[in-house]
Amino acid sequence: MAELVGPRLYSCSNCRNHVSLHDDIISKAFHGKNGRAFLFSHAMNIVTGPKEDRHLLTGLHTVADVYCGDCREVLGWKYERAYEASQKYKEGKFILEKSKIIKENW
């Protein structure tokens, strides 16, 4: 009998709470506060902080920090608004830092 394997997931590296699906990765070519980061179309089991304007590498954005829903570890941020037309595709998307997430079901 074949072993049933669930979807490939990313989890909080601190408490292993599931925070995103591998299939929701848009890009792996991003940088967060602590190095490499992934851009995801969706995230789950997270809490967002207050919105604030930040000057990032690609210009001014309104973002909200994203925390693990269980342990409250900061995992990255959510793009709420991009002020430059070329960056609008990021709106509503999530940055999760590679150092803050681990692979599950791989």
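Keep in mind the model is a prediction, meaning the values are calculated, not measured. (Residues numbered from 1 in each chain as written. Predicted model: local features only at pLDDT ≥ 70, side-chain atom pairs only at ≥ 80, totals over all residues. Heavy atoms only, no water.)

A.B. asks: I would appreciate a short explanation of the sheet that holds strand E3 (residues 25-32) in the present structure.
C.D. replies: Strand-to-strand pairing in sheets goes through backbone hydrogen bonds, with the strands running parallel or antiparallel. Taken together, the 6 strands give an open sheet; going across it, the order is E3-E4-E8-E7-E6-E5, and neighbouring strands pair in antiparallel fashion. Two strands bound the open sheet, and with one partner strand each, they are E3 and strand E5 (46-56). Mean inter-strand twist for the sheet, computed between neighbouring axes without regard to direction, equals 30°. Direction of pairing for E3 relative to strand E4 (residues 35-40): antiparallel, over a ladder of 5 bridges. Across the sheet, His31 pairs through a bridge with Arg36, a residue of E4. (Pairing = 2+ DSSP bridges. Helix = DSSP H or I, 4+ residues; strand = E, 2+ residues; numbered from the N terminus. Axes fitted to C-alpha atoms, helices over the stretch in contact; angles between N-to-C directions.)

A.B. asks: Any chance you could explain the side chain of His61 here in plain terms?
C.D. replies: On the secondary structure map, His61 appears in strand E6 (residues 59-68). Residue classification places His61 among the buried positions, given a relative accessible area of 0%. In this structure the side chain of His61 is engaged in a polar contact, spanning 3.0 Å, whose partner is the backbone oxygen of Gly59. For His61, the residues in contact, after removing those within four places along its chain, are Glu52, Asp53, Arg54, Leu56, Tyr79, Arg81, Ala82, Tyr83, Gln87 and Lys90. (Buried < 20%, exposed > 50% of the residue type's maximum accessible area, 1.4 Å probe, protein only. Polar contact = N/O pair within 3.5 Å; in protein donor to acceptor, adjacent residues only side chain to side chain. Contact = heavy atoms within 4.5 Å.)

A.B. asks: So what exactly am I meant to see when it comes to the UniProt feature "domain: Yippee" (unreviewed entry) in the chain here?
C.D. replies: As annotated in UniProt, the feature "domain: Yippee" (unreviewed entry) corresponds to residues 8-105 in the numbering used here. Secondary structure within residues 8-105 divides into 0% helix and 61% strand; the distance between the first and last C-alpha atoms comes to 5 Å. (UniProt positions renumbered as here; feature names shortened; annotations may be inferred.)

A.B. asks: Would you mind showing me how to read the pairing of strand E1 (residues 9-12) here?
C.D. replies: Two faces, one strand: in a regular strand the side chains alternate between the faces of the sheet. Sheet topology places E1 next to strand E2 (residues 18-21); 3 bridges connect them, and they run antiparallel. Following the sheet pairing, Ser11 is matched in E2 by His18. Pairing geometry for E1 and strand E9 (residues 101-104), over 4 bridges, is antiparallel. Counterpart to Cys12 in the pairing with E9 is Ile101.

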